[in-house]
Every structure is written in C-alpha cells, then in structure tokens.
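# Report on the structure
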Amino acid sequence: MKKTLALVLAAAMLVAALAGCSNSGQGGGSAATPTPSAAQPANSDAPSTPPENPPSGDALKVDVFYYNFSDVYISSVRSAMDERLTALGADFNNYDAAGSQPTQTDQVNTALVQSPDLLIVNIVETSSPDAAQGICDAAKAAGIPIIFFNREVADSVVSSYEKCAFVGTNAPDAGHMQGEMIGDFLLANYDAYDLNKDGAISYVMFKGQEGNAEAEARTQFAVEDANTKLTGAGKPELVYYDTAASTKYLVDQNGQWSAQAATDYMNSILATYTESNNNMVELVIANNDEMAKGAISALQSVGYNNGEGTTTIPVFGVDAIADAKTLISEGKMSGSIMQDAVGMADTIVALVKNVQAGGALMDQIDAGSGYVVDQGVAKIRVPYQMYNG
C-alpha cells in the first residue's frame, strides 16, 4: 500500500512540474504571449488541427531559449525554427527571457531537470562570457548538446565542450556592407544630401547595445567604411551631428534596439537641429531596422521622409525586415543589410538533424557542404546581403 501511494504521489509531482511547460512541438510560442516568469517557458499557439505527424514518445526533445520575443528579427527566426522543428517531428518548447539573463539562466536550469535531448540558446548577456559559460557548463554536466545562436558567444565557451556550437553572422560584415552602401549612396548625389551646403554630411548613429559584438562592429565599420568611400572620392568624412559629444553614437539604454528609443532620441534632436537653424541631421545610421523605423517616424512627424514630394533624409538599417523593405520600396528609407532569418534557422536545424540522427553536432557542417565555418572552433557563419529594393 505504501509503495502504491508513493507511486501516485510521484506521478502527481511530475504532472505538476510539467504543467508550467509549454509543449510547442505543434507550432511554437507566440510573441503576443505574456512574458513568462523566471524558469517558465512561453506558452505556445495551439493549432486548430493536430499535426499530420505528432511527436511520438521518443521524439527529439528540444528546448529553445530566445533572448526576447519582442525583437522583430528574432521573431522571424523563431517562426522559421518552429516550422522546421515541427516538420522534423521534434517535441520542442520555446522560452522568452524578455531581455533578462537571470530569467534565461533559471529557464535553462529548470529545463535541464526534464533531460531534453538538445538546448538551443539565444543568449541575453553578451558583454561578458560568464552567462554563456555557465549555461554551457550546465549542459556539459548533463551531457546535453547545446547550440548558441545569433548573439555572439566567446570562442572559449564553444571550445569548452565538444557538444557545443554557435550559429551566427560575422559581425563586422554588416558594418562593412552598410558603410559601403552609405558611401556609394551619398556619392551618387552628394550635393542633394548636404542640406546646409557646408560641404560635409552630418549624421546620427543609433547603437543597439553596449558590449554587443554586432552593435560594436556595425557602429565602427559603417562610419569608417563610408568615410573611406567619401575621402577616396575627394569628399570630407562624415561629421557627427553633435560635435561636442564624447561618443559618436546614441545607445538604447534598455538594450532593446527599439524603435521607441530611436524615436525619442530623434524627436529630441529635431527640436534643435533643423534646416532653419542650418544644422539639420543629414544622415541616419541605425544598428537595426527597428531603430531605423523609429528615426523615420520622428522625421515624418516634422515633414521629412513621407515619400514623393518631401525631403528624404537617408536612413540605413540592418536586418531587412518586412517593414524596412516596404519603407525602402516607398522611398522613405534608403537601404538595409539583410540578416537572413530563414538561413539562420536552416543552419541551426542542420545541426539539430545531426543530433536527431545520433551523430555529432558538426557532422558534414563544413565548406564542402556549403557552410562558412571558423577555423579551430565550431562556429558557423550565415552571410549578410545588401538590400536597397
């Protein structure tokens, strides 16, 4: 009798533990779902009909941890990942850290108790390797493979565990491409963009987050490479709009790379920097398309960038999200650098398939199979592309 009672209690405890977990094997989580508390995964969108091949009891169990569902680019990756993991018949859960590293760390530790087959982590904290290393160490102790993606983690983290890999971009490439695009764009009609006719182009730079590898590279190389183009053609370098500023960029203080942060900054700038004052900002460079959109919103509120018949201040972003493509097609934004969300998901899922087949993460993930892989470390790079319509 005591044995039977113990078994009943154990079963009840297991059901209670699983009640807080979102089984997204039928389609993944929703960005509109309320942010879960620490150690709780995001709820999932249940489909109206069951999948043709629902996960079986021995389906690959995958936990996917996103740094923030509200990030538009990450939402695109998540949508593509959900589709592909569902097609694999994987039993997967999506977790939203909502920009909090302690929340994400708790989510990972809780998920590990359930012994998943694979962890996929979009790390929150990038200014230090400590958080990623801690999560990697936990996965290693449990013997569970782990894939970090999108937000760069240190080589030392990846190399510390033979079942660890990273899928992302080569951060400097976006900055180099953006700088090249800006330089070519300005040189094609330089005088038209020099609104105050002082012979130079004044700019504002919106930086997503301090310490983030992508933000650092984009901020540096977009300006450096644009200047190389300009000076090579006999034009002066770009001039930051506020010559007294100690840093030549404005940071989203919440680390969210948000449209709202750029709108607020730009509204403040436009209160002083105007054509009538002869000091109008003549170029906007943003680390992502959301901040580019925010800047455009502020510009539109004072009559700029409203399409044909209005003065358009060149605005450049990164990601080439759908909204940015629309703005570019309407002549309200000048260009973006495409970060391939589908390519990111496809590359991650190639590693997932290796685990599903019982192989190593990096099996057949090499140049011979069309992948760009770092020398000496299991890091795969998804190429950027220029987008101007």
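Residues numbered from 1 in each chain as written. Predicted model: local features only at pLDDT ≥ 70, side-chain atom pairs only at ≥ 80, totals over all residues. Heavy atoms only, no water.

Right, let's get into the overall build of the chain. Counting its secondary structure elements, the chain contains 12 helices and 14 strands. In the chain, the share of contacts with a sequence separation of at least 24, taken over all contacts with a separation of at least 6, comes to 71%. Carbon and sulfur atoms form 51% of the exposed surface of the chain, whose accessible area is close to 16,600 Å². (Helix = DSSP H or I, 4+ residues; strand = E, 2+ residues; numbered from the N terminus. Contact = heavy atoms within 4.5 Å. Areas by Shrake-Rupley, 256 points an atom, 1.4 Å probe, with all protein chains shown as cover.)

It is worth spelling out the environment of Val-382 at this point. Secondary-structure assignment places Val-382 in the loop between β13 (379-381) and β14 (384-387). Residue classification places Val-382 among the buried positions, given a relative accessible area of 6%. For Val-382 and Gln-339, which are 43 residues apart along the polypeptide, the C-alpha to C-alpha distance reads 8.1 Å. Once residues lying within four places of it in the same chain are set aside, the contact partners of Val-382 are Val-167, Gly-168, Thr-169, Asp-340, Gly-343, Met-344 and Thr-347. (Buried < 20%, exposed > 50% of the residue type's maximum accessible area, 1.4 Å probe, protein only.)

With that settled, the discussion passes to the sheet that holds strand β1 (residues 61-66). With mixed pairing, the 7 strands of this open sheet are ordered in space as β2-β1-β3-β4-β5-β13-β12. In this open sheet, the two strands that pair with only one neighbour each are β2 (91-96) and β12 (372-373). The sheet contact formed by β1 and β2 spans 6 bridges and is parallel. Counted as the bridge partner of Val-62 is Phe-92 from β2. Each of β1, β2 and β3 (118-121) touches helix α3 (residues 101-113); the most contacted strand, β1, lies at about 175 degrees to it. Where helix α12 (residues 341-356) meets the sheet, it contacts β3, β4 (146-149), β5 (164-168) and β13, and its direction lies at approximately 160 degrees from that of β5. (Pairing = 2+ DSSP bridges. Axes fitted to C-alpha atoms, helices over the stretch in contact; angles between N-to-C directions.)

What follows covers the pattern of salt bridges. Two side chains carrying opposite charge are able to pair once their charged atoms lie near each other. Using the criterion set out here, one finds 12 salt bridges in the structure. A salt bridge links Lys-379 to Asp-155, with the nearest nitrogen and oxygen atoms 2.7 Å apart. Of this pair, Lys-379 sits in strand β13 while Asp-155 is found in helix α5 (residues 155-159), placing the two residues 224 residues apart along the sequence. Owing to a relative accessible area of 1%, Lys-379 belongs among the buried residues under this scheme. Given the relative accessible area of 40%, Asp-155 is considered partly exposed. What you see here is one network of salt bridges that share partners, running through Glu-152, Asp-155, Asp-374, Lys-379 and Arg-381. (Salt bridge = Lys/Arg side-chain N within 4 Å of Asp/Glu carboxyl O.)

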